[in-house]
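Listed here are the chains, written in short residue letters.
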Amino acid sequence: MAEPPETRSRSRAPGTLRACAPAAFAFLAIALPLAFWPGRLGYRHLAAGAAAGLGCAALAALAAPPLRRKRAFLAAAAAGLAAAGAGSAAGLWREARGRAPSLAEAFRLEPGGTVEAFLERLQRRPPKDVASLLKAAPEKRSRRSDLLLEGRLELHEHEPVSVPRDLSWDEDPLNDKTWRWTLHAMPYVEWLTDSFVATRDGRFLERAEDLVLDWIEDNLFCLGSPPSRMSWHDHATALRVRAWLPFWEQWVKSHLFDEPKAELLLRAVAAHGERLASEAFYTRSHNHGIDQDVALIAIATAFPELRKAREWRDLACARLRTQVFETISPAGVHLEHSAGYHFHTLGVLTAACDFMSRHGIAVEGLDLEEVLRKMARVAAYLIQPDGHIVPIGDTTHEPSLDTSDPVLALHAERDPVLRFALTRGREGSPGDGSVVFEREGYAIFRDAWRPEPDFEKGLHVVLTAAANPGLAHKQADDLSFTFFGLGRELIVDPGHYSYDELDPARRYAVSARAHNVVLVDGEGFSGYSARIEAHALQEGHAVVQASHDNYPGLRHRRTLLYVRPATLFVIDEVGPAGAGGGPAAARVFEQLFHLGPGLKPLVGPGRSSVRAASGGPGEPGVELRVVAMVDGKGTAEVVEGQAEPLQGWISRGHRDLRPAPVLKLTARGGRATFATWIEARASGETQPEGGEGPWCRVEEGSILIRWPAGGGTRQAQIRRGGKLEVRL
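Along each chain, the written sequence defines residue order, and numbers are assigned to residues from 1. Residue-level local features of this predicted model are given only where pLDDT is at least 70; pairs of side-chain atoms are given and counted only at 80 or more, and the full residue set underlies all totals for whole chains, interfaces and linings. To get the side-chain values, take all heavy atoms of the structure and skip hydrogens and water.

1. Here's the deal with the overall build of the chain
So, point 1. Counting its secondary structure elements, the chain contains 18 helices and 27 strands.
So, point 2. When burial is assessed residue by residue, the chain has 53% of its 728 residues classed as buried.
So, point 3. In what follows, residue pairs with any heavy atoms lying within 4.5 Å of each other are defined as contacts. Put simply, of all contacts in the chain between residues at least 6 apart along the chain, 64% involve residues at least 24 apart.
So, point 4. Throughout, the Shrake-Rupley method with a 1.4 Å probe supplies accessible areas, and for residues the shown protein chains are the sole cover considered. By element, 54% of the accessible surface of the chain is carried by carbon and sulfur atoms, the whole surface being about 31,400 Å². Only DSSP runs of H or I reaching four residues or more are called helices, and only runs of E reaching two or more are called strands; each is numbered from the N terminus. Only protein chains enter the accessibility calculation, which uses a 1.4 Å probe; a residue is then buried when its area is under 20% of its type maximum, exposed when over 50%, and partly exposed in between.

So, in C-alpha cells, the structure goes:
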C-alpha cells in the first residue's frame, strides 16, 4: 500500500538533516580557517579553499544514492565554493581592519577620557617641528604645488602629467619604476604643506588632505592586496610618513580639522609605526634602513602618547647605531659604492642629528656629530672642480653644488676644505692633493686646489675599487676611474640611468661594458673581490695599485700613476690567477676609455693613439691624448652610440641616454698587459718638441716608463713588492 504523502515527508526529514550535517560541517571547515587565517590571504588560499569545496562535493556525491549523485555534487560544490568565498571575504575584511589599530589600542588615552578629549588635547599642544626632517627647495615646492592644484603632478625629473582627483594608486602614466615609487613616497604632501605655511592659502592644505586620506582608504583599508607593489615599499613607507607628520601639525590646527578624519590619520600613522618597527619589514645595512629609523624616531617624538613610543624610539636608535657602523667607515666614507649616496646619507643623518639634539634624543655608543664631521670632509674630495659630484655608481647628475645647499652649507661653516670646494676657492682652505681610502676602495688625486678664478680648471682623478658584499648600488666598475680637467669631463663614468633592472639601458649602465675597465672575451663581470693593494703619495705624483678576481680564473691588476699636473699612466695586467698551471687559453682583452661628451676623437696613424679635442663656442678648449705603449698598439678603435650590443653611451639624467665616444684597445692571447699614456692640455697650448716617444716595460717587480715632456724625456720607475715606490 502506498505511503501517505505526509508520512513520506516526515520520514524524509531526518534523512535530509543527516545529509545536510556533513555539508554544514564542510562549509564551516572551509570558511572558518580562511576567515581567521593568521597571515595575509592570497589567491593560493582561495584556490585551496575552492579545491577543498570541490573535494567535499565529490565525497558527497559518492555517498549519495546513484540517482541523486549529480544533484548532491552540484549542491555540495555550490556550498563549498560559497564557503571559500565567504571565508576569504571575511578574512580579507579582518586583515584590512587589522592593518591599523584602533585609537584606544595605539594611544594612551587618559583614564576615563574620551576620544574627543584626546583629540582636543592634541590640538592645543605645541608642534614637534618634524618639518625639519624633510625639506624641498622653495622654488620646486612652489611650482609643483601650483601644478597639483591644476591636476598635474611632476615627480622626479619627469614632465608633469595629468592625474585624476581620486587616484587609484596604481597609476603609471610614464611606465617608470621611479615615478611609481615617488607617487607612494608622497613628497608632494610636503610641498603642499610648505606652500600652505608660506601663503596661508587653504587650497594647498585641502589638496594635501585629499591625497593623504585617499591613500589611507585605498592602500591601508583595501580588501586584499594594495593596488601597487610600491604601496608598502620599504623606503617609500618611511618617506611617506615623514611627509605626513608636518602635514598633521598644520592640519590639526586648521579649519579642516574633523574628528573622524583625525582618528583615521592617527590610526594610519600608528600603522606605519608598526610596519617600520617590524623586523620582517626592516632593511638592514642600507640607506633605506636609515630612513626607516629616522621615520620611526619622528613618529615616536611627534606622538609621545603612542603606547609604543618609547619602545619604537629605543629600537630605532639601536638600529641606527648599527646602520652607521655597517654602512659608514671609520674614515667617514659611505660604503654603498656611490658618491651620490654619500651625499644623500650625509643629508639624512644631518637632519636627524639636529632633530634628535633638539628633542634630547641620544644614540648610545654613537657620536653622530663626529661621523658627520668626517663625512663632510670626504664629501669635499668627491666634488669635482666644476661642483658636480663625481658620477661613480648610482649617482644622479644634479646641478653643481655650492653654499646654497643648506646641508652642505652647514658643514662648510665648520670644515674649511668643504667650504673651499663649494665656493670654488673663494673661502676656506685647500685640502690634500691626494687621498686614498684603502679599506673603502677609493683613490682621489688633484693637481692642485686652485683659488678663484681658476678653481674649475683643476684636474681631478678618482679610481674606485669599492667592493662591500651585502651593500647596495654595486656596479661592475671595479678598477674604473674618472678624469676631470681644464673645466670639463675627459674620461667619464656612465652615470645613473634608472633603477628599472628590466630596462636594457639600465643593465648597460651598470655593466662593465659601460665603465673604464678591461673586458675579457666581450663579457662583463660581477663580484666583490676588488681591493686596493698599495699606494704611494708624493708632492709631484701619486700611484695606486688595485686588483680584482671577478673573472673566473683570472686576475686583473691595475696600476694608476698620476704625474702632476696632467699626465696619467694606466697599466693593466690580466692573466691567470695564481702560480703554475698549464698554458692559458687564448682570449680577447679590451681596454676601454669612455671619453667625455663633446670630445671629438681622431685615431692617429698606426692606430696606436687617439687625440680628442673640444672647444665649441663658449667652451674651454681641451685636448686629450691617449697612446698605447704595450699591448693594444695598432688596434685603437672608437665606438659611439652603438646599438647592438649597447656601447658608447652615457647618462646625465633620469632615463637619459646620449652617445659619447669610447676608445677600445684590443689584445689577444693567454694574457695581456696594457700600458696607456693619457695626457690633457688646453687647446693651443704650445708643447716643446723633442724627446723620445712613450715607452713602457712591465716586469713582475717593477714598471719602467719613459715619455716626452718639456722638450725632453721624463722617466718613472715603479717598484713593486710589499709597498709601492716611485722614482721620477
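2. Considerations on the packing of helix 11 (residues 259-277) against helix 12 (residues 287-302)
So, point 1. Helix axes are fitted to C-alpha atoms over the stretch in contact, other axes to C-alpha atoms as well, and angles between N-to-C directions run from 0 to 180 degrees. At their nearest, the axes of helix 11 and helix 12 sit 10 Å apart, and the two run at 140° to each other. Compared by their axis directions, helix 11 and helix 12 come out oblique. As helix 11 runs across helix 12, the sense of the crossing is left-handed. In contact with Val269, His272, Gly273, Leu276 and Ala277 of helix 11, helix 12 contributes Gln292, Ala295, Leu296 and Ile299.
So, point 2. Of the residues in the contact of helix 11 with helix 12, the class split is six nonpolar, three polar and no charged. Convention used here: angles under 35 degrees read as roughly parallel, angles over 145 as roughly antiparallel, angles from 65 to 115 as roughly perpendicular, and any remaining angle as oblique. The hand of a helix crossing depends on one turn: near helix anticlockwise from the far one by less than a right angle means left-handed, and clockwise means right-handed. The classification used treats Ala, Val, Leu, Ile, Met, Phe, Trp, Tyr, Cys and Pro as nonpolar, Asp, Glu, Lys and Arg as charged, and all other residues, Gly among them, as polar.

3. A closer look at the pattern of salt bridges
Two side chains carrying opposite charge are able to pair once their charged atoms lie near each other.
So, point 1. A carboxyl oxygen of Asp or Glu within 4 Å of a side-chain nitrogen of Lys or Arg is what we treat as a salt bridge. Enumeration over the complete set of coordinates arrives at 39 salt bridges.
So, point 2. Salt-bridge contacts for Arg681 lead to Glu623; the nearest nitrogen and oxygen are separated by 3.2 Å. Highlighted residues: Arg681 in strand 23 (residues 672-682) and Glu623 in strand 16 (residues 622-628), separated in sequence by 58 residues. For the pair Arg681 and Glu623, one class covers both residues: buried.
So, point 3. One salt bridge in this structure joins Arg658 and Asp656, with 2.8 Å as the shortest N-O distance.
So, point 4. Salt bridges here are not isolated pairs; linked through shared partners, they connect Asp129, Asp354 and Arg358.

4. Description of the side chain of Ser651
So, point 1. Mapped onto the elements, Ser651 comes out in strand 20 (residues 649-653).
So, point 2. We classify Ser651 as buried; its relative accessible area is 2%.
So, point 3. A polar contact is formed between the side chain of Ser651 and the backbone oxygen of His496, at a distance of 2.7 Å.
So, point 4. Not counting chain neighbours up to four residues away, the residues in contact with Ser651 comprise Pro494, Gly495, His496, Tyr497, Asp656 and Leu657. Definition of a polar contact: a pair of N or O atoms within 3.5 Å, with one able to donate and the other able to accept a hydrogen when the atoms are protein atoms, and with sequence-neighbouring residues admitted only if both atoms are side-chain atoms.

5. Quick look at the confidence of the model for the chain
So, point 1. For every residue, the predictor states its confidence as a pLDDT score lying anywhere from 0 to 100. Counting all residues, the mean pLDDT for the chain is 88, and 83% of those residues have values of 70 or more.
So, point 2. Here residues 7-19 scores under 50 on pLDDT; set against residues more than four positions off or in separate chains, the count is two contacts.

6. Comments concerning the sheet that holds strand 22 (residues 662-669)
So, point 1. Pairs of strands are assigned from DSSP output, requiring at least two bridges between the strands. Read from one edge of the open sheet, four strands run 8-13-22-17, paired in antiparallel fashion. Where the open sheet ends on each side, the last strands, each with one partner, are strand 8 (518-520) and strand 17 (637-639). Across the sheet, the axes of successive neighbouring strands diverge by a mean angle of 30°, strand direction being ignored.
So, point 2. Pairing analysis gives three bridges linking strand 17 to strand 22, with the strands arranged antiparallel. When the bridges of strand 22 are listed, Val639 appears paired with Val662.

7. Here we look at the sheet that holds strand 25 (residues 702-709)
So, point 1. Read from one edge of the open sheet, four strands run 24-25-26-27, paired in antiparallel fashion. The sheet terminates laterally at strand 24 (695-698) and strand 27 (725-727), the two strands that pair on one side only. Sheet twist, expressed as the mean angle between neighbouring strand axes with direction ignored, is 15°.
So, point 2. Two elements, strand 26 (residues 712-719) and strand 27, share three bridges in a ladder whose sense is antiparallel. Its bridge partner being in strand 27, Arg719 is matched across the sheet by Glu725.

8. A short note on helix 10 (residues 234-251)
So, point 1. Here helix 10 spans 26 Å end to end across 18 residues, near enough to the 26 Å set by a 1.5 Å rise per residue.
So, point 2. Burial of helix 10 is extensive: 17 of the 18 residues sit out of reach of the surface. Expected helix span is given by 1.5 Å per residue-to-residue step, counting one fewer step than there are residues.

9. Remarks on the packing of aromatic side chains
A ring pair, where both rings are aromatic, is described by two values, the distance of the centres and the angle of the planes.
So, point 1. Only Phe, Tyr and Trp rings take part, Trp by its six-membered ring, and two of them pair if their centres are within 6.5 Å. Stacked means planes under 30 degrees apart, edge-to-face means over 60, and tilted covers everything else. Here the structure, examined in full by the defined rule, presents 16 aromatic pairs.
So, point 2. A centroid spacing of 5.5 Å and a plane angle of 55° characterise the contact between Phe107 and Phe118, whose relative ring orientation is tilted. Note that Phe107 is positioned in the loop between helix 4 (103-106) and helix 5 (115-124) and Phe118 in helix 5, a separation of 11 residues in sequence. An identical accessibility class is assigned to Phe107 and Phe118; each is buried.
So, point 3. Three or more aromatic residues link up through ring pairs in this structure, and these residues are Phe107, Phe118, Phe247, Trp248, Trp251, Phe257 and Phe303.
So, point 4. Positioned above the aromatic ring of Trp232 is the side chain of Arg275, whose terminal nitrogen or guanidinium carbon lies 4.1 Å from the ring centre. Counted as over-ring charges are cases with an Arg CZ or a Lys NZ within 6 Å of the ring centre that also lie within 35 degrees of the ring normal.

10. Considerations on the pairing of strand 9 (residues 531-537)
So, point 1. Two elements, strand 9 and strand 10 (residues 541-548), share six bridges in a ladder whose sense is antiparallel. Counterpart to His535 in the pairing with strand 10 is Val544.
So, point 2. Two successive antiparallel strands, strand 9 and strand 10, enclose a turn made up of three residues.

11. Focus on the side chain of Thr482
So, point 1. When you line up the elements, Thr482 lands in strand 6 (residues 481-485).
So, point 2. Contacts of Thr482, omitting those with residues within four sequence positions, involve Val390, Ile392, His460, Val461, Val462, Ile491, Val492 and Asp493.

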